[in-house]
Amino acid sequence: MKALRPMVAAGLASMLPGPALAAGVPGAELSLAWGIPFVGILLSIALMPLVAGHLWHHHYGKIAALWAALFLLPFAAFFGAGAAWYEFAHVMVLEYVPFIALLLALYTAGGGVLLKGSLVGTPTVNTALLAIGTILASMMGTTGAAMLLIRPVLRANAFRTRKTHTFVFFIFLVANIGGSLTPVGDPPLYLGFLRGVSFFWPTTHLFAEFATCVVILLAVYWVLDTLAWNREKPVPPVVAKEAVGLEGWLNVWLVLAIVAVVIGMGYVKLGSMNVLGQTMEVERVLGILLFLAITGISVAFTSNALREANGFAWGAILEVAKLFAAIFVCMAPVLAILRAGSAGAASGLVALTSGPDGAPIPWVYFWMSGVLSSFLDNAPTYIVFFELAGGDPAMLMTQGAMTLAAISCGAVFMGANSYIGNAPNFMVKAIVEENGVRMPSFFAYCGWAIVFLVPLFVLVTFIFFRPG
């Protein structure tokens, strides 16, 4: 569910300004009822695989499109066809196409890198793989790191029966928390970078929070995996020892090229142009074209044998593309209401972010940005609270540093609370299931988050954001 509106996926949101109803229909004029289609698509993703699995797996694209239509058609009836078209074009041109182009490039190039070697999924090896992926996530984005390592982790654990927890913690660490140290790591931080937050501000101001979460989660994971190993007593396969190495170096360079393009879009300004009535930066258009070109190069020059050895398939990206197109559309009015601040239907929530003296309350920002990032896309949610906190990067990086850190940690860390909190989450789930491993249902996954993440975030609150 947030699931994919996101590496780099991180990179992913890298280009998302976030949905907004700007064509004569401000968020202040919208009631909470406009959020019903968004709730509907979330419940469909959560419940239909459980209660109507056959129908969902064969028609999820049509069901998602139905929810999008249930927003757009009433919106056209109330505000006019022109306003509905504007909103659809706005979401597709400025948010969805950049998002899916980046995700497609990362998915294709990442799926063309084969990590070879006789890796055996013992607790120590698994913990090391999660730690490596967590570190890589801030350098190549959560999506890039997830796509690079998810298949090696699957292969290393193919002989084990108790392994679901490994992929859940993979999402926690590699697909989310690992991306908190640079703007390349996760889309919310990239959007902050585009708005003036210095490149290394997250590195210096979020490291303690990052390290606290990573060390605790890796320790908890090692204990869980050790218990599972001892209970299962698996017999590792007898294979010829092979040194760990990479195959598909062209795709390694292509992933680095994607990262370079994402960073370049933050520095290079080439003006703007009109696309379907939407004003779009020229550098963003060029970025989309480059992502598509990189995808084409990867497809053309990566052997089928390498992709087959890597267990690569197109099903996961197709599922993400269909579901997130509808999620983006249905999410637009919800974010517009939040953007309206005290003038919108969510004014009660907005009022909680400041004390009686008008000063921001960091721990409230942490939890509000985090909880909403768990079910809305974390990139535009970050921007909503960035603006509520004043929107001045110079102030937020200095005297407002605790508030900005709270917003950043909430958006990045709590994207792990559901499958739709961050783009790579849903993609990892789909890839794991393509390989025959059962993943928790939507609500069951949220249960894992409640057990392992929520107590950790409470600890982070008291250590770093000091509730009064």
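Computed from a predicted structure; not experimentally measured.

Rules behind the numbers
Residues numbered from 1 in each chain as written. Predicted model: local features only at pLDDT ≥ 70, side-chain atom pairs only at ≥ 80, totals over all residues. Heavy atoms only, no water. Phe/Tyr/Trp six-rings, centres within 6.5 Å; stacked < 30°, edge-to-face > 60°. Helix = DSSP H or I, 4+ residues; strand = E, 2+ residues; numbered from the N terminus. Buried < 20%, exposed > 50% of the residue type's maximum accessible area, 1.4 Å probe, protein only. Axes fitted to C-alpha atoms, helices over the stretch in contact; angles between N-to-C directions. Parallel < 35°, antiparallel > 145°, perpendicular 65-115°, else oblique. Left-handed = near helix turned anticlockwise from the far one by under 90°. Contact = heavy atoms within 4.5 Å. Nonpolar A, V, L, I, M, F, W, Y, C, P; charged D, E, K, R; others polar. Salt bridge = Lys/Arg side-chain N within 4 Å of Asp/Glu carboxyl O. 1 Å grid on protein atoms, 1.4 Å probe; cavity = no way out; pocket = protein on both sides within 12 Å on 5 of 7 lines; lining within 4 Å. Points joined across faces, edges and corners; volume = space filled by probe spheres on them. Patch = residues over 30% accessible without salt bridge, like charges linked within 9 Å, V, L, I, M, F, W, Y side chains within 5 Å. Areas by Shrake-Rupley, 256 points an atom, 1.4 Å probe, with all protein chains shown as cover. Pairing = 2+ DSSP bridges. Core = buried A, V, L, I, M, F, W, Y, C linked by side-chain atoms within 4.5 Å. pLDDT = per-residue confidence, 0-100. Polar contact = N/O pair within 3.5 Å; in protein donor to acceptor, adjacent residues only side chain to side chain.

Peer 1: What is the right way to look at the packing of aromatic side chains in this model?
Peer 2: Think of a pair of aromatic rings as described by two things: how far the centres are apart, and how the planes are tilted against each other in angle. Applying the stated criterion to the full structure yields 37 aromatic pairs. Measuring from ring centre to ring centre gives 6.1 Å for Tyr 190 and Phe 193, while their planes differ by 55 degrees; the resulting arrangement is tilted. Of the two residues, Tyr 190 and Phe 193 both sit in helix α7 (residues 187-194), 3 residues apart, roughly one turn of that helix. Ring centres 5.5 Å apart and planes at 75 degrees place the aromatic pair Phe 442 and Phe 443 in the edge-to-face group. Residue Phe 442 is classed as buried on the basis of its relative accessible area, which comes to 7%. The class of Phe 443 is partly exposed, set by a relative accessible area of 42%.

Peer 1: For this particular structure, what's the right way to read the packing of helix α4 (residues 81-110) against helix α5 (residues 123-156)?
Peer 2: The relative placement of two packed helices comes down to the angle between their axes together with the axis-to-axis distance. Between α4 and α5, the least distance of the axes is 9 Å, while the angle of their chain directions is 30 degrees. Compared by their axis directions, α4 and α5 come out roughly parallel. In terms of crossing hand, the pair formed by α4 and α5 is right-handed. Contacts from Leu 103, Leu 106, Tyr 107 and Gly 110 of α4 reach α5 at Thr 143, Gly 144, Met 147, Leu 148 and Arg 151. Each residue belonging to the contact of α4 with α5 can be placed in one class, and the counts come to 5 nonpolar, 3 polar and 1 charged.

Peer 1: Help me out: how do you make sense of the pattern of salt bridges in this one?
Peer 2: Oppositely charged side chains can pair when the atoms bearing their charge come close. The tally for this structure, following the rule as stated, stands at 5 salt bridges. Two residues, Glu 281 and Arg 284, come together in a salt bridge whose shortest N-O distance is 3.8 Å. For Arg 284, a relative accessible area of 10% translates into the label buried. Several salt bridges converge on common partners, so that one network encompasses Arg 160, Asp 225 and Glu 232.

Peer 1: What is the right way to read the layout of surface pockets from this model?
Peer 2: Where empty space is left can be seen by rolling a probe of water-molecule size over the atoms. A volume near 430 Å³ is recorded for the largest pocket. Around the largest pocket sit 22 residues that line it, and Pro 49, His 57, Lys 429, Glu 433 and Met 439 are the ones nearest its centre. Taken together, the elements giving at least two residues each to the lining of the largest pocket come down to α2 (36-51), α3 (53-79), α19 (423-434) and α20 (442-452). For the lining of the largest pocket, a count of residues per class yields 14 nonpolar, 3 polar and 5 charged.

Peer 1: Explain a nonpolar patch on the surface to me, please; I cannot follow it from the model alone.
Peer 2: On the surface, a cluster of nonpolar side chains totalling about 560 Å² of accessible area is made up of Val 39, Leu 43, Leu 47, Leu 50, Val 51 and Phe 443. Along the chain, the position of Phe 443 falls in helix α20.

Peer 1: Any chance you could explain the pairing of strand β3 (residues 272-275) here in plain terms?
Peer 2: Both faces of the sheet carry side chains from a regular strand, because those side chains alternate between them. Of the strand pairs in this sheet, β3 and strand β4 (residues 278-281) are connected by 4 bridges, and their pairing is antiparallel. Considered in β4, the bridge of Val 275 is made with Gln 278. Between β3 and β4, which pair antiparallel and follow one another directly, the connecting turn spans 2 residues, one of which, Leu 276, has a positive phi of 50 degrees.

Peer 1: I would appreciate a short explanation of the environment of Phe 457 in the present structure.
Peer 2: Checked against the element boundaries, Phe 457 lands in helix α21 (residues 454-465). Considering only alpha carbons, one finds Phe 457 and Phe 169, 288 residues apart in sequence, at a separation of 15 Å. When sequence neighbours within four positions are dropped, the list of residues in contact with Phe 457 reads Phe 366, Trp 367, Phe 413, Met 414 and Asn 417.

Peer 1: Hey, could you run me through the nonpolar core in this one?
Peer 2: Inside soluble globular proteins, nonpolar side chains tend to come together where they are buried. Within the largest apolar cluster, 152 residues are counted, with the highest numbers of intra-cluster contacts made by Phe 38, Phe 99, Phe 170 and Phe 291. Counting residues per element, this core draws most heavily on helix α13 (residues 315-339), which supplies 19 residues. Those residues in contact with Phe 38, other than ones at most four positions away along the chain, are Ile 327, Cys 330, Met 331, Val 334, Phe 375 and Leu 376.

Peer 1: Mind showing me how you'd approach the confidence of the model for the protein chain here?
Peer 2: As a note on interpretation, predicted positions should not be read in detail where pLDDT is low. Looking at the protein chain as a whole, the pLDDT averages 86, with 93% of positions reaching at least 70. This model gives residues 1-24 a pLDDT under 50, and the stretch forms 159 contacts once residues within four places in sequence are excluded.

Peer 1: Explain the packing of helix α10 (residues 249-267) against helix α11 (residues 282-301) to me, please; I cannot follow it from the model alone.
Peer 2: Where α10 meets α11, the axes come as close as 10 Å, and the angle between the chain directions of the two elements is 175 degrees. Taken together, the axis directions place α10 and α11 in an arrangement best described as roughly antiparallel. Two secondary-structure elements touch here, α10 through Leu 250, Asn 251, Leu 254, Ala 257, Ile 258, Val 261, Val 262 and Met 265 and α11 through Glu 283, Arg 284, Gly 287, Leu 290, Phe 291, Ile 294, Ile 297, Ser 298 and Phe 301.

Peer 1: I tried to follow the environment of Leu 246 on my own but got confused; where do I start?
Peer 2: Along the polypeptide, Leu 246 turns up in strand β2 (residues 245-247). Look at Leu 246 and you get partly exposed, because its relative accessible area is 32%. The spatial distance from the C-alpha of Leu 246 to the C-alpha of Gly 117 is 8.7 Å, given a sequence separation of 129 residues.

Peer 1: I would appreciate a short explanation of the side chain of Thr 127 in the present structure.
Peer 2: Here Thr 127 is to be found in helix α5. Here Pro 123 takes part through its backbone oxygen, which lies 2.7 Å from a polar atom of the side chain of Thr 127. Ignoring sequence-local partners within four residues, the contact set of Thr 127 consists of Leu 218, Tyr 221 and Trp 222.

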